[in-house]
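Chain by chain, the residues run as shown.
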Amino acid sequence: MPPTFRKPNLRLESKQNNMDLISVANEPNLIKVSCPNAKVTGKFGSSLLYAYGQFNFHPRAYEVLMNIDKLKYRSDDVILTMFPKSGSTWLSECIYLIVNGYKYELASKDSIEYRFPQIDSPSHDVFNLILERFYNVNQRRLIKASIPPTLLVDKPNLIEVKQHAIPKVISIFRNPRDVLVSFYHHCKTVKHYDIQFTFDEFFDTFVSGKIPCGPIWLMYNETYKYHKENPKTTLTIFYEDMKRDLRSQIKRICEFLDMQEPVGEEGWSRLLDHLSVERMRQNRTINRHDWTQLGLINTNGFEFVRKGQVNDWKNFFTEEQSLLFDREITANLTPKLRQVYGPQEY
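The rules behind these values
Residues numbered from 1 in each chain as written. Predicted model: local features only at pLDDT ≥ 70, side-chain atom pairs only at ≥ 80, totals over all residues. Heavy atoms only, no water. Phe/Tyr/Trp six-rings, centres within 6.5 Å; stacked < 30°, edge-to-face > 60°. Lys NZ or Arg CZ within 6 Å of the ring centre and 35° of its normal. Pairing = 2+ DSSP bridges. Helix = DSSP H or I, 4+ residues; strand = E, 2+ residues; numbered from the N terminus. Axes fitted to C-alpha atoms, helices over the stretch in contact; angles between N-to-C directions. 1 Å grid on protein atoms, 1.4 Å probe; cavity = no way out; pocket = protein on both sides within 12 Å on 5 of 7 lines; lining within 4 Å. Points joined across faces, edges and corners; volume = space filled by probe spheres on them. Nonpolar A, V, L, I, M, F, W, Y, C, P; charged D, E, K, R; others polar. Core = buried A, V, L, I, M, F, W, Y, C linked by side-chain atoms within 4.5 Å. Buried < 20%, exposed > 50% of the residue type's maximum accessible area, 1.4 Å probe, protein only. Contact = heavy atoms within 4.5 Å. pLDDT = per-residue confidence, 0-100.

Caption draft 1: Broad picture of the packing of aromatic side chains. Evaluation of the coordinates by the stated rule reveals 25 aromatic pairs. It is Lys168 that lies over the ring of Phe256; its NZ or CZ is 5.0 Å from the centre. Arg174 extends its terminal NZ or CZ atom over the ring of Tyr239, reaching a point 4.2 Å from the ring centre.

Set out below in structure tokens:
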């Protein structure tokens, strides 16, 4: 099924801006796709952005969407969807350990990028790896994506086998304000984004939606829509709930996946300690300690797991930015998500 491209807005319909986009698309050394019909919507750091529906996607995500029908899901597949920097690495490690019976030695052998690969990873091309796993009938398949399940799971190949081919979908939501701050720091240090923005410039770009996977409002709304329409095969996790009471959220995940909880208080203690922010930062398989050697970062002091705090946005937003963000959330988020992330005290 070919993608349905969104119509350009009035600003992009102007001749001058169309010429600007053509000029941007022809810049050398930018990460881009080879598809001649792909519609460029702008540039984000070291890569172009492409329209897919109403979204702006990084080239890697766009290429995945163009090949999405190669994925044939099973009902025991676990798909984790998120907006970047929403706590998905933390949740990935949690799910991996639950599914694999809390085998910590097994988890320590390989990077989380291999154990729970992100299908649209902007840093690594893992699509073929995932396809290889999809043909392995003896392995429970774990996949992460910064693509809403309405695009990732609702696709033609599911129609004929809908009764037994719907995967388990877990989606994590985080306060978009904290997402903005965390994504800003991430994009400043990794080469696959390599932005030169100030924080104020990034704030404006984020709010406008001209970012990878943006606009965040649409990503959140589409994800919530899928969960509401598929309650038996989906689980919604809020980052703030994990921070508030991780044990309760683990119980929910175990019940959803029909997996055993940790055995006894000793089992719980070990898991909760393993998933603490400090342990995650020390864990070489989690905190991307190999990215320096691989040449994927720009600056020293890079930490993939940064702070893991709630309300860190208050250390970065101005009062004016806070009020503007409140208005954007009120205008753009679905009512349920507005209840969670609506106007907040600065």
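Caption draft 2: Seen up close, the sheet that holds strand β7 (residues 234–238). Here we have four strands laid out as an open sheet, ordered β5-β4-β6-β7, and parallel in their pairing. Edge positions in the sheet fall to β5 (142–145) and β7, since each of these pairs with one other strand and no more. Direction aside, neighbouring strands of the sheet carry axes that sit 20° apart on average. Pairing geometry for strand β6 (residues 168–173) and β7, over five bridges, is parallel.

Caption draft 3: Main features of empty space enclosed by the protein. Per the stated rule, a full pass over the model turns up two cavities of 30 Å³ or more. By volume, the largest cavity amounts to about 40 Å³. Along its surface, the largest cavity is lined by Thr81, Met82, Phe83, Ser171, Ile172, Phe173, Met219, Tyr220 and Thr223. Of all the elements in the fold, those that place two or more residues in the lining of the largest cavity are β6 and α11 (216–229). A per-class count over the lining of the largest cavity returns six nonpolar, three polar and no charged.

Caption draft 4: Expanded view of the nonpolar core. Core analysis: the biggest nonpolar cluster contains 59 residues, and Phe83, Phe202, Phe206, Tyr220 and Phe325 have the highest contact counts within it. If we skip the residues at most four places from it in the chain, Phe202 touches Phe44, Leu180, Phe183, Tyr184, Cys187, Ile195 and Phe197. Trp90, Ile98, Leu275 and Met280 belong to the second-largest nonpolar core, a separate cluster that totals 34 residues.

Caption draft 5: Fine view of the environment of Ile147. Tracing the sequence through the fold places Ile147 in the loop between β5 and α8 (149–152). Separated by 90 residues in sequence, Ile147 and Phe57 have C-alpha atoms that sit 8.9 Å apart.

Caption draft 6: Inspection of the confidence of the model for the protein at higher detail. The share of residues in the protein with pLDDT of 70 or more is 78%, and the mean pLDDT across the chain is 83. Contacts from residues 1–19, a stretch scored under 50 in pLDDT, to residues over four places away or in other chains number 26 contacts.

Caption draft 7: Region of interest: unusual backbone geometry. Cis geometry is adopted by the peptide bond preceding Pro215, which originates at Gly214 and carries an omega value of 0°. Along the polypeptide, Pro215 turns up in the loop between α10 (199–208) and α11. Although it is not a glycine, Lys85 adopts a positive phi angle of roughly 65°. Tracing the backbone shows Lys85 in the loop between β4 (78–81) and α4 (88–99). Judged by relative accessible area, Lys85 falls into the buried class, the value being 15%. One non-glycine residue, Asn311, lies in positive phi territory at about 70°. Residue placement: Asn311 occurs in the loop between α15 (277–282) and α16 (319–332).

Caption draft 8: Focus on the pairing of β6. The buried count for β6 comes to five of six residues, which makes it a mostly enclosed element. With four bridges joining them, β4 and β6 adopt parallel strand pairing. Directly across from Thr81, in β6, lies its bridge partner Ser171.

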